[in-house]
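Results of the structural survey
Here is how the chains run, residue by residue.
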Amino acid sequence: GATALAWMTAAAGLGAIFASFWLAWRARIEGLTGVVIFNIALGGAAVTGFTLVSQFWWSLPFLVVAGFATLVSGVGTQTLVQSALDSSYRGRVMSFYGIVIGAAPALGALAMGAVGDLTGLRWPVGVGGGLAVVVWMAALRMRRRLSASLEAPPAI
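As the structure is a prediction and not an experimental result, all values here were calculated from the model.

1. Brief notes about unusual backbone geometry
A negative phi angle is the norm for most residues apart from glycine, just as the trans form is the norm for most peptide bonds. Phi at Ala27 takes a positive value of approximately 50 degrees, unusual for a residue other than glycine. With respect to the secondary-structure elements, Ala27 resides in the loop between helix H1 (2-26) and helix H2 (32-52).

2. Topic: the nonpolar core
With eight residues, the main nonpolar core is built from Ala19, Leu23, Ile29, Leu32, Val35, Val36, Val72 and Leu80. No other element matches the three residues that H2 contributes to this core. Not counting the four nearest positions on each side in its chain, Ile29 is found in contact with Thr79, Leu80, Ser83, Leu150 and Glu151.

3. Concerning the packing of helix H3 (residues 56-84) against helix H4 (residues 87-119)
Where H3 meets H4, the axes come as close as 10 Å, and the angle between the chain directions of the two elements is 155 degrees. In terms of orientation, H3 and H4 fall into the roughly antiparallel class. When you trace H3 past H4, the crossing you get is right-handed. Judged by residue contacts, Gly74, Thr77, Gln78, Val81 and Gln82 of H3 engage Arg90, Val93, Met94 and Tyr97 from H4. Taken together, the residues of the contact of H3 with H4 break down into four nonpolar, four polar and one charged.

Conventions and cut-offs
Residues numbered from 1 in each chain as written. Predicted model: local features only at pLDDT ≥ 70, side-chain atom pairs only at ≥ 80, totals over all residues. Heavy atoms only, no water. Helix = DSSP H or I, 4+ residues; strand = E, 2+ residues; numbered from the N terminus. Core = buried A, V, L, I, M, F, W, Y, C linked by side-chain atoms within 4.5 Å. Buried < 20%, exposed > 50% of the residue type's maximum accessible area, 1.4 Å probe, protein only. Contact = heavy atoms within 4.5 Å. Axes fitted to C-alpha atoms, helices over the stretch in contact; angles between N-to-C directions. Parallel < 35°, antiparallel > 145°, perpendicular 65-115°, else oblique. Left-handed = near helix turned anticlockwise from the far one by under 90°. Nonpolar A, V, L, I, M, F, W, Y, C, P; charged D, E, K, R; others polar.

If you want it as structure tokens, here you go:
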């Protein structure tokens, strides 16, 4: 119901608030690639854990962690992309980034909703969390290369 949705939204929001303070306190780009990669796995694991818990109140800590990890990976990715770009390309690339980052979750939610109508939402959300862990494994293999290209100042 509406009350449960409000609690779940508040839990994810609380995690995002903690993440925003942590990122502001961190205030440097060095090592941010590793932080983003770690939070992809953390978010995927938290969402998967959320789907495995059957008690409502025990699911809320998973949403706090998921909110934290989602904000850190999202803001961290945007920071890395913006800092790696030459200023003459930044507007165009970030416009495309905005379209992708807006459309991809909407399409994923549409697909999860369609499958969820048939199976319930537990399986599609759990698979989504598992896919985040797969993305984490791929990113982990490319970590050094990603760090070198994203954390270096753009060539002038």
